[in-house]
Amino acid sequence: MSDHVNDIGPMLASPRCGAKTRCGGACRSPAVHGKKRCRMHGGAPGSGAPKANRNARKHGLFTRDAIAERRRIQALLGEARKLLEEMKCASFADSSQTKGKLTNQSTLTAPTQARDSAS
Ligand SMILES: [Zn+2]
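First things first, this report covers the structure right here in the doc.

Cut-offs applied
Residues numbered from 1 in each chain as written. Predicted model: local features only at pLDDT ≥ 70, side-chain atom pairs only at ≥ 80, totals over all residues. Heavy atoms only, no water. Helix = DSSP H or I, 4+ residues; strand = E, 2+ residues; numbered from the N terminus. Buried < 20%, exposed > 50% of the residue type's maximum accessible area, 1.4 Å probe, protein only. Contact = heavy atoms within 4.5 Å. Areas by Shrake-Rupley, 256 points an atom, 1.4 Å probe, with all protein chains shown as cover. Donors = N, O, S within 2.8 Å, 3.2 Å for Na, K, Ca; no water. Tetrahedral: all angles 85-135°; square planar, octahedral: opposite > 155°, others 65-115°.

Helix and strand counts for the protein chain come out as three helices and zero strands. Every one of the 119 residues in the protein chain was classed for burial, and the buried ones make up 7%. Excluding contacts between residues fewer than 6 apart, the proportion of contacts in the protein chain whose partners are at least 24 apart in sequence is 2%. Accessible surface, the protein chain: about 11,000 Å² in total, of which carbon and sulfur atoms supply 58%.

This brings us to the coordination of the zinc ion. Each protein donor to the zinc ion is listed here as Cys-17 (SG), Cys-27 (SG), Cys-38 (SG) and His-41 (ND1); together their distances run 2.0 to 2.4 Å. Taken together, the four donor atoms coordinating the zinc ion span angles of 105 to 117 degrees at the metal, a pattern that classifies the geometry as tetrahedral. Each donor residue of the zinc ion lies on one chain, and together they are spaced C-x9-C-x10-C-x2-H. With Cys-27 in the loop between helix 1 (9-12) and helix 2 (64-98) and Cys-38 in the loop between helix 1 and helix 2, this residue pair connects regions lying eleven residues apart in the sequence. For Cys-38, a relative accessible area of 3% corresponds to the buried category.

Right, dumping it as structure tokens:
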């Protein structure tokens, strides 16, 4: 009996559209394959918003790739700044070592002595 042509059980078991109709009820039409609505309620091929919301994209400043690129650049700049600071500290340490036992006080007073001698 289930081999009969009018066996519509699987068809009726298919997912329904469910959109709100003008009468207030839910649409009972079958949903289009791969979509949640019927062909009359937004399931037609070519309907709906494009994927990844391309309608809202104006300049691409906030795309995933642009954000990742900016992060990479900022990380590179941070590393460069750290390296420069380390080089500064290393050169300062080298200069203080070559001067022997000169302390920070002597290096701070050096410019004032130069000013005094100029005037
Ligand atoms: Zn529908």
